[in-house]
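Secondary and tertiary structure notes
Listed here are the chains, written in short residue letters.
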Amino acid sequence: MAACLIGLVFVSASGFAQREKCVVDPPELHWVVDRPGEDMAPVTVGVYRNPGAGSGAIRFRMTNLVSENGHVLPPDCIEIYSGYTDHWQSFASRSDHLVLLASGQTSNEISVRLSPSVWGPAGIYRGYLESANGGAAIQLTVEIPRRARLVVEPSKISITAGLGPGTYRTNEKISITVDANHPNWTVSQSTDGLKYVGDPKPGAAAAKLWIEPEQLYVRLEGDAKFVQNLTRPVMLQGEGYTGKTFTVWIECSLGWEHLAGNYEGAIDIILAQK
């Protein structure tokens, strides 16, 4: 036995029944946040009631903004000034609603801005400021470019080698901090070696006045196996999305051939983004 269901749709003489109670202009907003704490200028958006759409208040809510990598900016990253209060309002959660067109009004201009606290992993985040009872939505896009910053402390280091041939370590620990919002970065450490400073004494012609890169090493704290000489650049890799701090020492291997005295040079520490 078969059953047949018949559905009826009533259409007005002028066309299909109108679903949207209001429209918004512009329907899309796009921000680019270049740095944490950036103060973004607000954008004016018009909310207009469609003819015959009733006179009740029209409320909007904010979805999460989600990046292509699945990272999320919460609803409270968007702030609204509707003119119905004397302060900016934000959405506490996805279920929070704000009145953007009051009962009896046919139009209203609102201001929309990003909270200065907006920051996160690099990516393009998309979400909607939408009205469940008004049938309208504004697509919001927040673009957070890749950003990385390098801090090295201290800026000067020294090695005291007073006990003859052997391997000596810097007197200071070196802190290498990368503040990044993506994992695609590397820190390279390289050197041309250390050069004897001053005029050698007579009879020191056969002495070595240069500490070669292969006699200099990088030792990483917390990893007993990480000891690499500086014949080639020593690389530290990014991981995760919150940056990282590395603690290293520079070690120096000296022999009888090295003339006693002071040697100077530079360890170049360079941050690169892939």
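Coordinates for the structure precede this section.
Here goes a summary of the coordinates provided.

Cut-off values and rules
Residues numbered from 1 in each chain as written. Predicted model: local features only at pLDDT ≥ 70, side-chain atom pairs only at ≥ 80, totals over all residues. Heavy atoms only, no water. Pairing = 2+ DSSP bridges. Helix = DSSP H or I, 4+ residues; strand = E, 2+ residues; numbered from the N terminus. Phe/Tyr/Trp six-rings, centres within 6.5 Å; stacked < 30°, edge-to-face > 60°. Buried < 20%, exposed > 50% of the residue type's maximum accessible area, 1.4 Å probe, protein only. Lys NZ or Arg CZ within 6 Å of the ring centre and 35° of its normal. 1 Å grid on protein atoms, 1.4 Å probe; cavity = no way out; pocket = protein on both sides within 12 Å on 5 of 7 lines; lining within 4 Å. Points joined across faces, edges and corners; volume = space filled by probe spheres on them. Nonpolar A, V, L, I, M, F, W, Y, C, P; charged D, E, K, R; others polar.

**Thoughts on the sheet that holds strand S7 (residues 78-81)**
Here we have five strands laid out as an open sheet, ordered S1-S3-S10-S7-S8, and antiparallel in their pairing. The two strands at the open ends of the sheet, each matched to only one other strand, are strand S1 (22-25) and strand S8 (89-90).

**Remarks on the packing of aromatic side chains**
Summed over the entire model, instances satisfying the criterion amount to three aromatic pairs. Pairing Trp185 with Phe246 gives two aromatic rings, centres 6.3 Å apart and planes at 75°, and the pair type is edge-to-face. Residue Trp185 is located in strand S16 (residues 185-197), and its partner Phe246 is located in strand S21 (residues 244-254); the two are separated by 61 residues in the primary sequence. Residue Trp185 is classed as buried on the basis of its relative accessible area, which comes to 0%. Centre to centre, the rings of Tyr196 and Tyr263 are 5.4 Å apart; their planes meet at 80°, and the pair counts as edge-to-face. Remark: Tyr263 occurs in strand S22 (residues 262-273) and Tyr196 occurs in strand S16; sequence separation between them is 67 residues. Just above the ring of Trp88 sits the side chain of Arg113; from NZ or CZ to the centre is 3.9 Å.

**Description of the pairing of strand S4 (residues 58-62)**
Side chains Ile58, Phe60 and Met62 project from S4 onto a buried face, and the interleaved Arg59 and Arg61 project onto a face without burial. Note that S4 and strand S9 (residues 98-101) share three bridges and pair antiparallel. Bridging across to S9, Ile58 finds its partner in Leu101. As paired strands, S4 and strand S11 (residues 123-130) are joined by two bridges and run antiparallel to one another. Bridged to Met62 within S11 is Leu129.

**Structural notes on the layout of surface pockets**
In this model, the largest pocket occupies a volume close to 830 Å³. If you trace the largest pocket, you find 33 residues lining it, with Ser158, Ile159, Leu194, Ile211 and Tyr263 closest to the centre. For the lining of the largest pocket, the secondary structure elements donating two or more residues are S16, S21 and S22. For the lining of the largest pocket, the residue count by class is 20 nonpolar, 11 polar and two charged.

**Considering the pairing of strand S15 (residues 174-180)**
Because side chains alternate across S15, one face comprises the buried residues Ile174, Ile176, Val178 and Ala180, and the other comprises Ser175, Thr177 and Asp179, none of which is buried. In terms of strand pairing, S15 meets S21 through five bridges, oriented antiparallel. Note on S21: the bridge partner recorded for Ser175 is Thr247.

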